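# Notes for the structure review
The primary structure of each chain is shown beneath.
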Amino acid sequence: MSRALQRKIVLMLGILGCIVATWPSRYWLEYMRSPEYQKKHPNVYLSHATLGDIDPTSAAILLVLGGLRGVAANYLWVRAEDLQRQHRWAELAIEVDRIIKLQPHFVAVWRFQSWNLAYNVSAEWDQLDDKYYWIREGIRFAQRGTRINQHEETLSWWTGWCYFHKIGKADEARLLREMFRKDTEPELDPRGRQHPPFNPKQQDNYEAAEEWFRRAVAKVDELGRPPRQMAEVAFRSYPAHARIQHATAAEADGIFGDEAARKWQAALDAWLSFGRREYSVQGGRLYVRLDYRPEVFGAFNRAKIGHSLARGALLSTKRPEAFQGENRAKLAQQFKDAIRYIADAIAMVKPAALRELKDGAQEAYEAVQAKASMLTSFDPELLATPGPEGDSERRRFEEFYDLFHEYYKYVDEELYWNQRYGGLVNYNYWKKRCVIEMEPETLKAREYFYTAQRAFERGDLFEAKDAFERGFQLWAEILGKDIAFALDDQTSEETRELIVGRLGYQRLLKQLDEPADPATHPILAPFHYMIEEFEPPPQYEEVMRLYGRLQQEPDMDPQERQRIEKRMQELIAAGDRLKEKRKQRSIELLRRAARGEKLTEMEIPPLEEDEPDSGAHEARTEQGN
Amino acid sequence: MMTNWWEHVLSGVARWFAVVLPSAIAVVALTFLVGIVRFRSPGRSAKWTFELVFGLFADLGRLSFARIWALALHTIKESIRRRVLLVLVVFGFIFLFAGWFLDTAPAAQVKVYVSFVYRTIGILLFLVALLVACTGLPADIQRKTIHTVVTKPVLRLEIVLGRFLGVAVLCTGILLLMGTVSYIYLLRTTGLLGSAGAIDFMQEQIRRYEREGNTRMAEKARADLRQIVNSLKARVPLYGDLDFIDERGQVKEKGVDVGFEVTRRSFIPGATSAYARWHFRGVPVEKFLAENRIPVEFTFEVFRTTKQDVERGVKAELTFRNPRTGYYVLSSTFYVRENYMLRKDFEDDPATPENEVKALLDGSQGELVVEVRCLSPDQYLGMAQDDLYILVEEDAGFGVNFFKGLVGVWLQVLLVSALAITFSTFLSTPVAILATLTALICGQFMDFVAGVALGQLHGGGLLESLIRIVTHENLLRRLPDTPWIRVALALDHYFFNRILQGVTLVLPDLTQYSVWVNVARGFYIDPIVILIRSVAAVGYLLPFVLVGYLMLRSREIA
């Protein structure tokens with residue numbers, strides 16, 4: 001054997017040896033990617049392999065490009081934007097793919113381009129199947145991103161959001177959802193590779209959305225840190241939201257009765273389990289829930305009422321007039337109520353309730369509980385008596401109040417954050433919504449509305465009208481039972497759509513050439529306040545006219561200007577008063593419906609107009625002078 | 001067919017003389033000046049210059065092909081010894097892994113593959129040409145091996161020509177090899193040769209959708225398949241002149257601008273009397289009469305102002321009109337599938353006994369008008385001149401067309417090699433490579449260079465853009481009116497832009513030779529276009545070679 005050949009063989013063996021030696025490193029990388037390792041070293045994401053799956057192409061390109069990656073990526077970005085301007089979509093998709101090969105762990109890029117494909121590019125195509133194709137490309141793109149970036153949750157959330165919003169909330173939602181549900185077969189591409197089906201589990205888009213939202217939530221749990229980009233409470237509400245939308249969409253597809261009720265039940269379960277979770281406030285200083293168990297909430301609520309009554313009563317004793325005449329009886333009653341509520345609040349507290357509160361609440365509670373027997377010794381009449389006799393009793397009460405206040409501070413902080421976080425996701429509304437939607441009357445009302453709109457679409461106007469009237473009768477009864485729910489913006493918005501929307505009742509009436517004035521129409525009157533954007537008080541028009549005049553005549557006489565401004569204020573106030581009247585009348589009508597009156601047989605009290613002309617008359621006389 | 005192609009050639013030749021003659025005079029004058037500096041005597045300089053120029057003409061008469069060929073063979077051997085053919089390995093590797101980089105929407109698949117094939121061949125050949133052409137002469141000169149050549153009875157012009165021929169033959173060989181492999185590769189990926197390919201897979205996909213009863217997706221897959229098949233043809237289009245008639249019946253050059261950033265297409269409003277009108281001349285009447293149909297293909301863009309009917313889309317209608325006799329026929333209405341190539345064949349209605357094709361074409365003298373109307377109210381339909389054409393021939397053969405596209409690449413490579421050799425006669429290897437690369441990049445972005453040279457681009461010329469970059473100023477705002485900036489702008493305008501203008505005249509616009517763009521889109525390449533490009537290429541090659549000769553001659557090699 002020649003020396004050269006020997007050398008070659010040795011070199012080959014050396015290379016082979018090096019390759020074999022890299023084998024164990026795979027296990028090391030696997031370990032580095034494992035949750036245990038990442039928990040121990042939360043910020044160590046040094047190599048691509050620890051971040052997620054490696055795309056071999058991407059890795060090869062990065063190696064070849066070396067330090068030129070930034071330049072190349074920049075160039076590709078410029079090109080991608082240019083292609084988008086020129087509406088060259090297919091080439092754009094390829095360009096985006098190349099960018100992602102250069103910047104595989106730049107999550108914002110994944111998200112931006114996924115959004116670009118699913119939202120912008122799809123919007124540029126006119127045919128629905130083309131739109132659907134690009135939405136799917138966008139979603140697939142984000143899903144690929146989740147595999148390559150396993151250390152973060154935003155892409156999973158975003159994938160869920162595309163299912164939720166881009167498919168579920170589009171104008172073409174009905175068809176897009178149907179296409180998605182049917183998209184269950186594997187697909188061949190022009191290169192003969194079989195791609196897994198887009199929707200292998202035959203899900204609805206909202207089910208898919210829920211799955212991905214849950215994945216995002218699970219990822220956050222695994223990483224043990226709050227989500228990026230979004231408040232934690234909002235972030236965790238999405239799986240439940242997807243359930244709620246799933247139930248809503250089922251009704252839009254014509255599914256009612258038991259099946260719809262089951263879907264609403266599932267939505268409620270999801271919503272409650274979301275609400276019963278503990279959320280950390282201000283970096284773990286305090287933990288709150290959106291939803292406490294009834295007895296816990298009862299104890300907190302009574303403490304709150306009792307505290308505010310006692311505080312109010314004690315404050316008013318500082319003013320002498322509180323002891324005079326009727327006021328004294330009122331004061332005594334207030335003390336009595338305060339004592340009752342506080343006694344209840346203390347009695348109802350169980351260890352479970354104390355565990356909800358911040359550390360230290362236990363001691364404060366025990367201190368006040370030890371003195372709880374005092375409560376029975378207070379005489380409300382004596383507390384409301386002026387003079388030194390009353391003063392000594394009040395001092396005793398104040399001592400107790402101070403103890404109670406020490407405990408209440410914990411409750412107050414808890415409730416403050418509970419309401420703040422609950423408001424963020426409109427927690428109580430959605431909870432109530434799920435409950436109400438499950439009721440047989442609500443399901444029936446929804447079915448009537450569905451029948452009515454389908455009939456309207458077909459052109460069976462009388463059938464539509466009949467179904468609408470039955471539906472609104474039930475709807476008024478439901479809303480009348482729960483005025484707070486009726487006044488919620490979300491309820492108003494959805495009801496408004498049923499009245500003034502494309503297939504709305506008011507439109508139907510207009511087509512039938514029947515009166516459709518909500519001020520006098522028996523079916524519309526109970527919902528009058530909900531459609532006021534479409535029926536603004538007449539005074540507002542005059543205000544707009546006057547405002548236009550002020551704008552057009554900048555060098556108007558200052559006195560005249562003042563007069564007009566005053567007149568505008570009066571008109572606005574009158575308009576607001578009219579709006580309020582409409583609202584009050586609607587509430588009254590809804591309540592009457594809830595008591596079993598038929599809308600069509602009800603007498604509609606007229607809206608007393610606020611003499612809209614009196615001001616105008618004044619202005620005219622002034623001008624005459 | 002390109003009409004009056006000889007006019008193009010004539011005007012091109014005239015322009016060529018307009019550039020080359022003054023340049024030649026300038027070169028002679030420059031040589032004279034160099035001579036003065038060198039010999040410090042105008043007399044000797046004049047003699048030297050005369051010898052150079054006269055020598056050229058003398059050499060031209062004494063050229064021997066045998067000697068040139070020998071030099072060319074030498075160049076080829078030298079290149080092979082330098083393992084230039086390794087490029088074929090690189091080529092093979094790229095094709096092995098191409099699929100990784102080319103995921104795309106099905107409709108664009110073939111288009112993307114064809115473009116990819118041409119781009120790869122182009123880039124690899126540029127690389128070969130650069131390396132071979134730029135290293136040969138400078139290495140010879142540096143190692144003094146050139147002396148063994150120039151001491152033989154070999155003309156300087158022959159050295160330059162031999163080098164060029166060698167590079168050209170080498171590149172041609174590699175090109176043919178790569179071209180053939182690529183062609184087979186394309187046929188195989190699409191399923192036209194041997195194993196199942198894109199067409200088969202798409203058909204299977206359609207069958208699958210149909211089995212599932214998913215008519216919507218089946219329809220889309222069918223549309224995608226049509227695009228794939230179309231890309232594998234060489235369709236011969238006949239283009240017409242487009243104008244727009246607005247609602248008041250006024251003829252306009254452009255339709256409505258819907259506010260897109262790129263305004264290539266302009267729009268007609270739906271359900272109004274506005275329409276777009278293509279006027280075709282030179283329609284092959286005999287052929288269409290024999291076939292009894294007139295095929296038309298088109299791509300339109302839709303701009304919606306309301307959502308309206310999202311399920312079916314926007315409706316349009318074609319009208320065929322004989323401008324001579326005024327006879328017209330409405331074709332059926334159809335829904336526009338945006339961004340797809342659609343096709344309508346104007347045929348006889350079987351329900352009526354009349355021969356409509358004949359009635360339409362009678363007395364047309366090869367003229368035909370096609371009108372497009374949008375029927376959906378509140379929606380707009382967008383189009384550009386080349387968005388609708390009459391299909392003169394369905395398929396003139398993809399294979400021939402593919403190799404015609406390669407001719408364009410070949411011309412590009414020849415130009416680059418000639419440039420590289422010219423540079424290598426007076427520059428060292430690295431500098432020659434850099435210079436050629438610069439010319440190559442300029443040639444690929446000639447539109448941009450010309451835009452800068454003529455001051456048509458936002459952001460201004462060399463100094464102005466530099467100032468904008470340094471001061472973080474955007475492209476559109478006027479720079480402050482200070483004396484220094486005025487000086488900079490004047491320098492841009494009167495000096496740098498002039499140089500750039502010279503560059504645009506002297507350097508070839510390489511994008512002009514990328515005729516393969518049409519192959520990718522499935523259109524026939526007119527041989528006349530190839531002819532015109534070849535003439536232009538010769539126009540560039542001649543001066544390059546001559547300058548190379550002069551430079552080599554002026555160096556004191558032997």
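This brings us to the overall build of chain A. A tally of helices and strands in chain A yields 30 helices and four strands. Referenced to the eigenvectors of the C-alpha coordinate spread, the extents of chain A come out at roughly 125 × 75 × 65 Å. In chain A, which comprises 625 residues, the share counted as buried stands at 48%. Pairs at least 24 residues apart make up 68% of the contacts formed inside chain A by residues separated by at least 6 positions. Summed over all atoms, the accessible surface of chain A reaches about 31,700 Å², with 52% contributed by carbon and sulfur. The averaged location of the 101 negative side-chain charges in chain A is 7 Å from the averaged location of its 91 positive side-chain charges.

Turning our eyes to something else, we now look at the environment of His 405 of chain A. Within the secondary structure, His 405 of chain A sits in helix 21 (residues 387-424). Spatially, the C-alpha atom of His 405 of chain A lies 46 Å from that of Arg 496 of chain A, the residues being 91 residues apart in sequence.

Take the nonpolar core next. If you look at soluble globular proteins, the nonpolar side chains tend to sit buried side by side. Core analysis: the largest hydrophobic core is formed by 124 residues, its most contacted members being Tyr 163 of chain A together with Ile 121 of chain B. In terms of residue count, helix 5 (residues 109-142) of chain B provides more of this core than any other element does, 18 residues in total. Within the second largest apolar cluster, 111 residues are counted, among which are Leu 314, Phe 335, Phe 378 and Ile 587 of chain A.

Residues and elements named next belong to chain B. Read across the sheet, four strands follow the order 1-13-6-10 without closing on themselves; strand pairing throughout is antiparallel. Either end of the sheet is taken by a strand with one partner, and the two such strands are strand 1 (236-239) and strand 10 (342-347). Put simply, the sheet's adjacent strands are angled 35° from each other on average, direction ignored. Here three bridges tie strand 6 (residues 293-298) to strand 13 (residues 388-393), and the two strands are oriented antiparallel to one another. Bridge assignment links Phe 298 to a residue of strand 13, and that residue is Leu 388.

Residue and element names in this part refer to chain B. A contiguous nonpolar patch, built from Trp 5, Trp 6, Leu 10, Val 13, Phe 17, Leu 21, Leu 531 and Val 535 and spanning about 720 Å² of accessible area, is present on the exposed surface. Taken together, the elements giving at least two residues each to the nonpolar patch come down to helix 1 (5-39) and helix 18 (527-554). Looking at the nonpolar patch element by element, the count peaks at six residues for helix 1. For Leu 21, the position within the fold is in helix 1. In this structure Leu 21 comes out as partly exposed when scored by relative accessible area, which is 48%.

Okay, the interface of chain A and chain B next. Across the contact, 40 residues belong to chain A and 47 residues belong to chain B. Taking both partners together, chain A and chain B bury about 3,800 Å²; carbon and sulfur atoms supply 53% of that area. Across the contact surface, chain A and chain B share five salt bridges. Ionic pairing is found between Asp 126 of chain A and Arg 304 of chain B, a salt bridge with its closest N-O pair at 2.5 Å. Of all the secondary-structure elements, those providing two or more residues to the side of chain A that touches chain B are helix 5 (56-65), helix 7 (89-102), helix 9 (128-148), helix 11 (173-182) and strand 1 (187-188) of chain A. Taken together, the residues that form the side of chain A that touches chain B break down as 15 nonpolar, six polar and 19 charged.

Turning our eyes to something else, we now look at unusual backbone geometry. Here the phi dihedral of Asn 426 of chain A falls at roughly 55°; this positive angle occurs in a residue that is not glycine. With respect to the helices and strands, the residue Asn 426 of chain A is situated in the loop between helix 21 and helix 22 (427-438). With relative accessibility at 30%, the residue Asn 426 of chain A sits in the partly exposed group. In this structure, Gln 365 of chain B takes a positive phi of about 50° despite not being glycine. Relative to the helices and strands, Gln 365 of chain B is located in the loop between helix 11 (356-361) and strand 11 (368-374). Taking the relative accessible area as the measure of exposure, Gln 365 of chain B reaches 63% and is therefore exposed.

Further remarks concern the sheet that holds strand 7 (residues 301-304) of chain B. All names here are of chain B. Spatially, three strands are ordered 4-12-7 in an open sheet, and the strand pairing comes out antiparallel. The open sheet has two free edges, formed respectively by strand 4 (266-269) and strand 7, since each of these has just one partner strand. Taking the axes of each pair of neighbouring strands and ignoring which way they run, one obtains an average angle of 30° across the sheet. Pairing analysis gives four bridges linking strand 4 to strand 12 (residues 379-383), with the strands arranged antiparallel. Bridge pairing in strand 12 places Pro 269 opposite Tyr 380.

Here is what the cut-offs are and how they apply
- Residues numbered from 1 in each chain as written.
- Chains lettered and ligands numbered in written order.
- Predicted model: local features only at pLDDT ≥ 70, side-chain atom pairs only at ≥ 80, totals over all residues.
- Heavy atoms only, no water.
- Helix = DSSP H or I, 4+ residues; strand = E, 2+ residues; numbered from the N terminus.
- Buried < 20%, exposed > 50% of the residue type's maximum accessible area, 1.4 Å probe, protein only.
- Contact = heavy atoms within 4.5 Å.
- Areas by Shrake-Rupley, 256 points an atom, 1.4 Å probe, with all protein chains shown as cover.
- Lys, Arg positive; Asp, Glu negative; His and termini not counted.
- Charge placed at Lys NZ, Arg CZ, Asp CG, Glu CD.
- Core = buried A, V, L, I, M, F, W, Y, C linked by side-chain atoms within 4.5 Å.
- Pairing = 2+ DSSP bridges.
- Axes fitted to C-alpha atoms, helices over the stretch in contact; angles between N-to-C directions.
- Patch = residues over 30% accessible without salt bridge, like charges linked within 9 Å, V, L, I, M, F, W, Y side chains within 5 Å.
- Salt bridge = Lys/Arg side-chain N within 4 Å of Asp/Glu carboxyl O.
- Buried area = accessible area lost by both parts, 1.4 Å probe.
- Nonpolar A, V, L, I, M, F, W, Y, C, P; charged D, E, K, R; others polar.

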